[in-house]
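One letter stands for each residue in the lines below.
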Amino acid sequence: MVKFYNSLTRKKEEVSSTNGVVKMYSCGPTVYYFPHIGNLRAYLFMDNIRRVLKFNGYKIDGAMNITDVGHLTSDADEGDDKMLVASEREHKSPWEIAKFYTDVFMQDVKLLNIDLPEHIVPATSVISEIIEFVQALLEKGYAYETSKGIYFDIAKFPEYGRLSGMNIQDKLAGARIAVDYEKHTPYDFVLWVKAPKGHIMQWDSPWGKGYPGWHIECSVIGDKFLGENINIHTGGVDHKPVHHENEIAQSNCRYGHQVVKMWMHLEFLQIDGGKMSKSLNNIYRLKDLQERGYAPEDFRFFYFLAHYSKQQNFTFDALDMARNTLKSIKTLVKEHKNGTENVSTAEYEAEFLEAINDDLNMPKAIAVVQKMLKEPRSQNVYAAFDKFNKVLGLTLDETQDVPAQIQELAKQRWNAKNNRDYATADSLRNKISDLGYEIKDSKSGYEILKK
Ligand code: AMP
Ligand code: ZN
């Protein structure tokens, strides 16, 4: 049974599915700048959930938005649209900005071998559905129009605040005077913005030209691609108090029932024990790590070393440790590939499954892998690892690059050695060497290395 921690009920719960399919929504990137390794942790988290569910035999129907309009510099509807800020910074149109940073994002997630959602949807591709959704909220009386746009009336949704544990009634009672006098309460959030002068991205709507607020795209894309019952919704903890509260309010009010069953939140990646910031010059991209000689996979493996619900501290020492651990795992796996012992892996398989199904306990799962790899070299261990690797997503099978002819000669040599026919074994070793490969023996197996 797969159990994940549901941030909404604050309990570990069994994952639900819809006719055997887990409908999963993940908040995606705002494509106004390069993704940093903290952002990438959020997609490794998504990948982790998807692979663990697949390992357990579930099918997944996943959707993720690409925010290419409407995300203001403050999540609470203030400041400028991030896309426009980038557009001015780089003297490009918002469309060019969106294309460029979407491509960068896709390259990074591919380098990290992230299992991507079935539907990856830019907000600008669902404008008519957004308008329809906002209209439905207006008709049901959950939204109102001002001179600036259409706002969600949170006083109409008494459950507002449940996810982040805030008591909205107390907050409303103590609220300072609203900055915008037309809004019923300061916490009402914008669904549709009437286009202010200078906003390049705008569309016709029943309320004149405008563009969507940021939160509405996730409700609409979830609804369009997954339907009105979503099993899991993921995102970073920063989204809990505003963005996800708003998504819940919009979706539940439109459909008159709870749309998302389980909310899962990822804690932040810290750098050197603190926040990433421009002034500290510590915002790293995947490319920065690659330029320092790390493989994307080293960062992928680094993700496994902390639980997603805990802050993870990034330092280059910690990344080195991850890289070394990964290297030793790979070496052992190769040895097991040609191992000759008979080892039972049933217990390890049970422990691994228990760890991943217990709210994605990856540090424990990795410990199980390490323990198993200490066994005498055995192809059973290799086979078990190969199964686990469906979850880990590591590229281990470098021996595949070794030509079949060399693999065959190595096997013959191993047999000759075991039969104490050392003359044949030596001559085969020389032959392999002439062909550019080297054999490294261990107690119960061998490794083929390119010279
Ligand atoms: P954004 O592109 O800013 O909307 O962020 C994309 C995703 O990255 C969101 O799910 C954020 O919650 C997440 N995120 C941002 N900063 C960090 C961080 N330092 N650690 C982990 N996740 C982060
Ligand atoms: Zn979202």
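See the structure shown above.
What comes next concerns the included structure. The structure presented is a predicted model; accordingly, all values stated were derived computationally and were not measured.

The biggest cluster of nonpolar side chains holds 76 residues, and the ones touching the most others in it are Phe4, Leu53, Ile232, Phe299 and Phe314. Here this core takes 9 residues from helix 1 (residues 37-55), the largest share from any one element. Taken together, domain 1 (3-266) and domain 2 (286-392) each give at least three residues to this core, which thus spans both.

With that settled, the discussion passes to the site of ligand 1. In the vicinity of ligand 1 lie 14 residues, with Thr30, Gly38, Asn39, Asp238 and Leu269 positioned nearest. Separating an oxygen atom of ligand 1 from a backbone N or O atom of Thr30 is a distance of 3.0 Å. Here Gly38 contributes a backbone N or O atom positioned 3.0 Å from a nitrogen atom of ligand 1. Bound to the protein, ligand 1 loses 91% of the 500 Å² it would expose on its own. Residues that form the shell around ligand 1 fall into these classes: 7 nonpolar, 6 polar and 1 charged.

The next thing to look at is the coordination of the zinc ion (ligand 2). Ligation of the zinc ion (ligand 2) by protein atoms is provided by Cys27 (SG), Cys218 (SG), His243 (NE2) and Glu247 (OE), these donors lying 2.1 to 2.7 Å from the ion. Relative to the metal, the 4 donor atoms surrounding the zinc ion (ligand 2) lie at angles of 81 to 134 degrees, and the coordination shape comes out irregular. Mapping the donors of the zinc ion (ligand 2) onto the primary sequence gives the spacing C-x190-C-x24-H-x3-E. Here the residue His243 and the residue Glu247 both occupy positions in helix 7 (residues 240-255), the gap between them amounting to 4 residues, near one helical turn. Classification of His243 as buried rests on a relative accessible area of 1%. In this structure Glu247 comes out as buried when scored by relative accessible area, which is 4%.

Calculation notes
- Residues numbered from 1 in each chain as written.
- Chains lettered and ligands numbered in written order.
- Predicted model: local features only at pLDDT ≥ 70, side-chain atom pairs only at ≥ 80, totals over all residues.
- Heavy atoms only, no water.
- Core = buried A, V, L, I, M, F, W, Y, C linked by side-chain atoms within 4.5 Å.
- Buried < 20%, exposed > 50% of the residue type's maximum accessible area, 1.4 Å probe, protein only.
- Helix = DSSP H or I, 4+ residues; strand = E, 2+ residues; numbered from the N terminus.
- Domains from an automatic or database assignment.
- Near = heavy atom within 4 Å.
- Polar contact = N/O pair within 3.5 Å; in protein donor to acceptor, adjacent residues only side chain to side chain.
- Areas by Shrake-Rupley, 256 points an atom, 1.4 Å probe, with all protein chains shown as cover.
- Nonpolar A, V, L, I, M, F, W, Y, C, P; charged D, E, K, R; others polar.
- Donors = N, O, S within 2.8 Å, 3.2 Å for Na, K, Ca; no water.
- Tetrahedral: all angles 85-135°; square planar, octahedral: opposite > 155°, others 65-115°.

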